[in-house]
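These are the residues of each chain, in order.
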Amino acid sequence: MNRPELPHGYPFRFVDAIVEEKNADFSRGSVSIRISANSRVAMGESWPSPLLLAEAIAQSALLLEGGDAGIGRTGFLAGLDGLEMSRAPRAGETLRIDVRLAGRFGAMVRFEGAVQSGEETIARGAILVRKGSPPGPPGGVRKDASRVD
């Protein structure tokens, strides 16, 4: 099976593995993240900001949806809704992120996610992602004649 890729690289790629592939209607899917004290994000005992959990949910959603690294590079995290975080993840923890597709309107996609460490939910909420476009043809000119720089 051809695994999707993320546009993120070290040190900003958080997702380690798919735990549960998305189901047919993407009402569920899960990934795992191992938190290391040696990672550039943690640089010690824990992540510097629990807001990085929103990015982890976004990366999880992109990977589970069958993310294309080229398209992902032109998209972006566009919003957060109802995001609640109790704490930042700590070194040594393995997190499970459960994600579901909650809605789609054109290039805007809403995902709901929950981040768990063992039985403890440390974050939950919705993210809004603006999906990117496929890379343009060589030379940067698209069919609509607009320049891509």
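Since this is a predicted model, take the numbers as computed values, not measurements. (Residues numbered from 1 in each chain as written. Predicted model: local features only at pLDDT ≥ 70, side-chain atom pairs only at ≥ 80, totals over all residues. Heavy atoms only, no water.)

Trainee: Help me get a handle on the overall build of the protein, residues and values and all.
Mentor: A count of helices and strands for the protein gives two helices and six strands. Taken from N to C terminus, the helices and strands of the protein fall in the order β-β-α-α-β-β-β-β. Within the protein, the proportion of its 149 residues that are buried is 37%. Split by element, the accessible area of the protein, about 8400 Å² in all, is 52% carbon and sulfur. (Helix = DSSP H or I, 4+ residues; strand = E, 2+ residues; numbered from the N terminus. Buried < 20%, exposed > 50% of the residue type's maximum accessible area, 1.4 Å probe, protein only. Areas by Shrake-Rupley, 256 points an atom, 1.4 Å probe, with all protein chains shown as cover.)

Trainee: Describe the packing of aromatic side chains, and please don't skip the residues or the numbers.
Mentor: On inspection of all chains with the given rule, the structure shows one aromatic pair. Aromatic pair Phe 26 and Phe 111: ring centres 5.7 Å apart, planes at 55°, arrangement tilted. Highlighted residues: Phe 26 in the loop between β1 (17-20) and β2 (30-34) and Phe 111 in strand β5 (residues 108-117), separated in sequence by 85 residues. In this pair, the class of Phe 26 matches that of Phe 111, namely buried. (Phe/Tyr/Trp six-rings, centres within 6.5 Å; stacked < 30°, edge-to-face > 60°.)

Purely spatial values, then, with no claim about function.
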